[in-house]
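Here are the chains, one letter per residue:
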Amino acid sequence: MFGVIPICLDIFMPLNESRPRYLPAQLEYYFFDRNEYYTFTYMHFGIIGSYAVMLIVINDVGLFTFSRHACAMFCVLRYRLKNINNNEDGERIDDSNVHKIYKNIRSCAILHDRILIFLENTNSCFAMCLLFLICVTIIIMSFNGSMIILNMHDNTYLLRGVSVSMGQIIHVFFNCFTGQMVQSHSANMPNYIYDHEWYNSNHKIKMVIYFMILKSKTECSLCVGKTAVLGLELFTTVSISL
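The residue numbering used here restarts from 1 in each chain and proceeds along that chain's sequence as written. Owing to the predicted nature of the model, reporting of local features is limited to residues with pLDDT of at least 70; listing and counting of side-chain atom pairs is limited to 80 or more, with chain, interface and lining totals taken over all residues. Each side-chain value is derived from all of the structure's non-hydrogen atoms; neither hydrogens nor water enter the calculation.

Here we look at the overall build of the protein
Counted only if it meets this: Numbering of helices and strands runs from the N terminus; a helix is a DSSP stretch of H or I covering at least four residues, while a strand is a stretch of E covering at least two. With a 1.4 Å probe rolled over the protein chains alone, any residue whose accessible area is under 20% of its type maximum counts as buried; one over 50% counts as exposed, and the rest are partly exposed. All accessibility values rest on the Shrake-Rupley procedure with a 1.4 Å probe; residue burial counts only the protein chains present in the view.
In terms of helices and strands, the protein carries seven helices and two strands. Taking all 242 residues of the protein together, 34% fall into the buried category. Carbon and sulfur atoms make up 65% of the accessible area of the protein, which totals about 15900 Å².

Considerations on the packing of aromatic side chains
Short version of the rule: Between rings of Phe, Tyr and Trp, where Trp is taken as its six-membered ring, a pair exists when centres lie within 6.5 Å; planes separated by under 30 degrees are stacked, by over 60 edge-to-face, and by other angles tilted.
On inspection of all chains with the given rule, the structure shows six aromatic pairs. Centroid distance F173 to F177: 6.1 Å. Interplanar angle 20 degrees. Geometry classified as stacked. Note that F173 and F177 are positioned in helix 4 (residues 155-187) at a spacing of four residues, about one turn of the helix. Overall, F177 belongs to the partly exposed group, its relative accessible area being 39%. Seen in terms of ring centroids, F173 and F235 are 5.2 Å apart; in terms of plane orientation they differ by 70 degrees. Their pairing is edge-to-face. Placement of the pair is F173 in helix 4 and F235 in helix 7 (residues 232-241), with a sequence separation of 62 residues. Each member of the aromatic cluster is reached from another via a ring pair, and the members are F66, F118 and F126.

Topic: helix 6 (residues 203-216)
The condition that has to hold: Helices are assigned an expected span. That span is 1.5 Å times one less than the residue count. The arc in question is traced by the directions running from the helix axis to the C-beta atoms.
For helix 6, with 14 residues, the first-to-last C-alpha span of 20 Å sits near the 20 Å given by 1.5 Å per residue. Taken as a whole, helix 6 has its buried residues at I205, V208, I209, M212, I213 and S216. On an axial view of helix 6, the arc spanned by its buried residues comes to 140 degrees, and they lie on one face.

Some remarks on the confidence of the model for the protein
How we decide: You can read pLDDT as the predictor saying how much it trusts each residue, on a scale of 0 to 100.
Per-residue pLDDT for the protein averages 80, and the proportion of residues at 70 or more is 81%. No element of the protein has a lower mean pLDDT than helix 1 (residues 4-12), which averages 65, and none a higher one than strand 1 (residues 223-224), which averages 88.

A short note on the nonpolar core
Here is the rule we go by: What makes a nonpolar core is a set of buried Ala, Val, Leu, Ile, Met, Phe, Trp, Tyr and Cys residues whose side-chain atoms join them at distances within 4.5 Å. Here, two residues are considered to be in contact whenever any of their heavy atoms come within 4.5 Å of each other.
Of all hydrophobic cores here, the largest spans 39 residues; its most connected members are L77, L81, I105, L119, M212 and L230. Listed by contribution, the elements that provide at least two residues to this core are helix 2 (38-82), helix 3 (98-150), helix 4, helix 5 (189-194), helix 6 and helix 7. The dominant element in this core, judged by the number of residues it contributes, is helix 3, at 11 residues. Each residue touching I105, except ones within four places of it in the same chain, is listed here: L81, I84, I205, V208, I209 and M212.

Details of the side chain of S221
Mapped onto the elements, S221 comes out in the loop between helix 6 and strand 1. S221 sits in the buried class, given a relative accessible area of 12%.

Some details on the packing of helix 4 against helix 7
To be explicit about the condition: Note on definitions: angles span 0 to 180 degrees between N-to-C directions of axes, and those axes are lines fitted to C-alpha atoms, for helices only across the stretch in contact. For this classification, under 35 degrees means roughly parallel, over 145 means roughly antiparallel, 65 to 115 means roughly perpendicular, and everything else is oblique. As a working rule, the residues Ala, Val, Leu, Ile, Met, Phe, Trp, Tyr, Cys and Pro are called nonpolar, Asp, Glu, Lys and Arg charged, and the rest polar, with Gly in that last group.
At a closest axis distance of 7 Å, the pairing of helix 4 and helix 7 adopts a crossing angle of 155 degrees. By the angle between their axes, helix 4 is roughly antiparallel relative to helix 7. Judged by residue contacts, I169, V172, F173, C176, F177 and Q180 of helix 4 engage L232, L234 and F235 from helix 7. Its residues assigned to classes, the contact of helix 4 with helix 7 shows eight nonpolar, one polar and no charged.

Notes on the packing of helix 3 against helix 4
Filter applied, for reference: Handedness of a crossing follows from how the near helix is turned relative to the far one, being left-handed for an anticlockwise turn of less than a right angle and right-handed for a clockwise one.
Axis separation between helix 3 and helix 4 bottoms out at 10 Å; the angle between their running directions is 155 degrees. With respect to each other, helix 3 and helix 4 are oriented roughly antiparallel. As helix 3 runs across helix 4, the sense of the crossing is left-handed. The residues of helix 4 that touch helix 3, namely those facing L119, L133, I134, T137, I140, M141, N144, M147 and I148, are Y157, L158, G161, V162, V164, S165, Q168, I169, H171, V172, N175 and V182. In terms of residue class, the contact of helix 3 with helix 4 is built from 14 nonpolar, seven polar and no charged.

Overview of a nonpolar patch on the surface
We apply this condition: Grouping into patches uses exposed residues only, defined as over 30% relative accessible area, and leaves out salt-bridged ones; the cut-off is 9 Å for like charges and 5 Å for nonpolar side chains (Val, Leu, Ile, Met, Phe, Trp, Tyr). Salt bridges are defined as contacts in which a side-chain nitrogen from Lys or Arg sits within 4 Å of a carboxyl oxygen from Asp or Glu.
Taken together, the side chains of I47, I48, Y51, M54 and I58 present a nonpolar region at the surface, about 540 Å² in accessible area. Summarising the element assignment, I48 is placed in helix 2.

Quick word on the environment of N85
With respect to the secondary-structure elements, N85 resides in the loop between helix 2 and helix 3. For the pair N85 and S201, spaced 116 residues apart in sequence, the C-alpha to C-alpha distance is 9.9 Å.

Details of the environment of L111
Of note, L111 is situated in helix 3. With 37 residues separating them along the chain, L111 and F74 place their C-alpha atoms 8.8 Å apart. Those residues in contact with L111, other than ones at most four positions away along the chain, are M73, V76, L77 and R80.

The following block contains the structure:
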């Protein structure tokens, strides 16, 4: 966008000479002068940059979609746990009908296992990508911060540098917030199980609930490689380190 501003100003507020034009990156072309063919050079930067940004957006949208699906599965599980003693019509099942209640709690245990498997598969897909993203972001922001300090006198570079830094911070916050949603739903899982009247249930039903409680002790989360958990705590750590 910064490269388009001088062209627009030359059209609507012309001066005796053309304003200096800027490119998104300082690159040299061997076959032609980039200033002479500024429009084509800028279009080239725009096309290549769009592809790069598109890959990042696709990755982030995929991670957000998977995390929202996991959160929705947790909500469904909470609803089923809350209505274990009810049938499909919402009517309470007689306590003597142990088979029906056991069928309901068994479906909850199966859904809980599916959530754990789904999050494990999600981590296997995105863990290394997130680690690469966080490392690259820290390097870019550290280098960009140093360049901003060295070019405090250049308002154009200062504005560009601050914009890049803000974009990187927002990007990391979005990913960390995505992981925090999964972490929060997982942390509330034991409470959902405890809210059920398990103490009045049959021994067979108690055993299923007991195993669900054991599994829920391990908090589900999205991982950054094998080193950290994606969440707001990580965002705070990255922000402080920068």
